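# An overview of the molecular structure
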Amino acid sequence: ALTVFGLTALELALCLAGCLCRLALRAWLTPQSVRAWSSSPVESWTAVREYLALRRAGVDPYDGSALHLPPLSLRLMLAADSLLGGGDGDRAWLVLLALELAGCLALKRLLREFGAYTLRRQAANVASYCSASVPMLLSGDSLRRLRLPVIAAYWFNPYSLVASVAEATTPLSNLVVLLCLAELCRGRVGFAAALCAAAAYHGLYPLCLIVPICLAGPARPALLAFAGTLACLLATSYMLTGGSWAYLQSVYAFHALAPDHTPGFSLSWYLFCEAFDHFRSLFQAVFQANLVCVLAPLAIRFRSDPCFLAVICWAYTAIFKPYCCVSEQALIACVFIMHAQLHAHMRRALLAIILLIVAFVLAPIMHHLWLYPGSANSNFYFAISLLHCTAMALLLYLFCIAYLKREFLLHHGPQPLKFSDGTEAKIVLQAPTVKLLFVNN
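Thresholds, definitions, all that
- Residues numbered from 1 in each chain as written.
- Predicted model: local features only at pLDDT ≥ 70, side-chain atom pairs only at ≥ 80, totals over all residues.
- Heavy atoms only, no water.
- UniProt positions renumbered as here; feature names shortened; annotations may be inferred.
- Helix = DSSP H or I, 4+ residues; strand = E, 2+ residues; numbered from the N terminus.
- Rg over C-alpha atoms; globule rule 2.2 N^0.38 Å.
- Buried < 20%, exposed > 50% of the residue type's maximum accessible area, 1.4 Å probe, protein only.
- Contact = heavy atoms within 4.5 Å.
- Areas by Shrake-Rupley, 256 points an atom, 1.4 Å probe, with all protein chains shown as cover.
- Lys, Arg positive; Asp, Glu negative; His and termini not counted.
- Charge placed at Lys NZ, Arg CZ, Asp CG, Glu CD.
- Expected span 1.5 Å × (residues − 1).
- pLDDT = per-residue confidence, 0-100.
- Polar contact = N/O pair within 3.5 Å; in protein donor to acceptor, adjacent residues only side chain to side chain.
- Salt bridge = Lys/Arg side-chain N within 4 Å of Asp/Glu carboxyl O.

Under an unreviewed UniProt entry, the name given to the chain is GPI transamidase subunit PIG-U, and the source organism is Macrostomum lignano. The annotation that UniProt attaches to the chain under Subcellular location (unreviewed entry) is "Endoplasmic reticulum membrane".

A tally of helices and strands in the chain yields 20 helices and three strands. What you see for the chain is a C-alpha radius of gyration of 23 Å, in line with the 22 Å of a compact globule of 441 residues. Along the first, second and third principal axes, the C-alpha atoms of the chain reach 80 × 50 × 45 Å. Looking at the chain as a whole, 48% of its 441 residues qualify as buried. Of the contacts made within the chain by residues no fewer than 6 positions apart, 73% connect residues no fewer than 24 positions apart. Surface exposure of the chain reaches about 20,000 Å², of which carbon and sulfur atoms provide 67%. Of the side-chain charges in the chain, 30 are positive and 21 negative, and the distance between the mean point of each set is 10 Å.

Attention shifts here to the environment of Ala391. Assignment of secondary structure puts Ala391 in helix 20 (residues 378-412). Residue classification places Ala391 among the buried residues on the basis of a relative accessible area of 0%. When the C-alpha positions of Ala391 and Leu351 are compared, they lie 8.1 Å apart, and in sequence the two are 40 residues distant. Excluding residues that lie within four positions of it along the chain, Ala391 makes contacts with Ala352, Leu355 and Leu356.

This part takes up helix 13 (residues 246-257). Taking 1.5 Å per residue, 12 residues should reach 16 Å; helix 13 reaches 16 Å between its end C-alpha atoms and fits that length. Among the residues of helix 13, those classed as buried are Tyr247, Ser250, Val251, Tyr252, Ala253, Phe254 and His255. Where helix 13 is buried, its residues touch helix 4 (71-83), helix 10 (189-203), helix 12 (219-240) and helix 15 (277-293). A positive backbone phi angle near 50° is found at Ala258, which sits one or two residues after helix 13.

This next bit is on the confidence of the model for the chain. Here the chain averages 85 in pLDDT, and 92% of its residues register 70 or above. Counted against residues more than four places away or in other chains, residues 431-441, with its pLDDT under 50, gives 28 contacts.

Attention shifts here to the side chain of Glu43. With respect to the helices, strands and loops of the structure, Glu43 is situated in the loop between helix 2 (31-38) and helix 3 (46-56). In this structure the side chain of Glu43 is engaged in a polar contact, spanning 2.6 Å, whose partner is the side chain of Thr169. Look past the residues within four positions of Glu43 in its chain and what remains in contact with it is Ala168, Thr169, Thr170, Ser173 and His202.

Right, let's talk about the pattern of salt bridges for a bit. Taken as a whole and assessed by the stated rule, the structure comprises 10 salt bridges. Here Glu183 ties to Arg109 by a salt bridge, and the two come within 2.3 Å at their closest N and O atoms. Remark: Arg109 occurs in helix 5 (residues 92-125) and Glu183 occurs in helix 9 (residues 170-186); sequence separation between them is 74 residues. With a closest N to O distance of 2.8 Å, Glu183 and Arg188 form a salt bridge. For Arg188, a relative accessible area of 32% puts it in the partly exposed group. A network of salt bridges, in which partner residues are shared, links Arg26, Arg49 and Glu167.

Shown next as structure tokens:
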């Protein structure tokens, strides 16, 4: 079949339709009308314009509290803006659309590498599978059929559409994370570690991907590649800022301390606003510890499948980090669709999807009622943020349970299980593994 940049005619048609849909939404909505609930203080094109204005005024852009993107990311987006005919950051929509197109190509590559990785892992473990589980095995054709649904979800997810209108700069970090996952699936841990360093340089929290990368291959070369790449990026940023380390405080300390309590689709802004001043440091420490402490048990449980572990770690931090962006969570949905073999084992996925739809519909309504007519308050809007995070956490939980259940069925067979005395058994989740329990008579 004829392909352009690895995309077939149908995939190109989806890309074109997605771009036209974004342009139509931009003609109907303004970035300001959706930015408050679909973007975040650290992922907004407003920061790029702020950087230009402060630099022309002779002020260090990182002296204030408005800029939270690292220097190289800013220079890259400004270079793209100039290349596309801008110069004052007025080609935001074109730059971000180009990044989304590049992200689509990276997603297509991830689909290809993920399919090859899944088949390799299946072939390596097939000897330990039950003979009755043969119908559950995956084929190359079944994996290739996922490409169109995944690309369609990438372009037409409502959250990604709204984030595009809001001019969120998340497509840049999404692009690097997708390339990192693709290299991890391919088994090139050195390149994956370097890309992980680039993603962590941009947004700190993709740092969690170094754990599955080290489990996928030799840990020492991966750590050296990660440390070397990150050191080069930080040193280059130091030179670009005229020999100043002020950007470290404005970028990475801002992520860790979360001092900006602008309302969004996260949990931190409301908790930190309501906390007493002398308890705020404790809240901040617990919030960040929650993101770090979960990595160890996940790494222990899913150490045999580093690519799945990488998806789980990335999704968990994207949901619970202080400044989350819906565009990143929309991309997580695409990665979940890639694992189509797990969908049959996700019993309450419909509930989570309905909750996400409700949150998407009510978020702009509650935000408007709170700020303009004053007929609602922050509790209404936070309730929708909490609903959104709960739905995403439920999807992630179901995703993990479905993986464990499928692995169990592959080894023990999908037929009803019985003990030696003929008593039927059922599968229940009992930490830390899936076990068999008797059915009550």
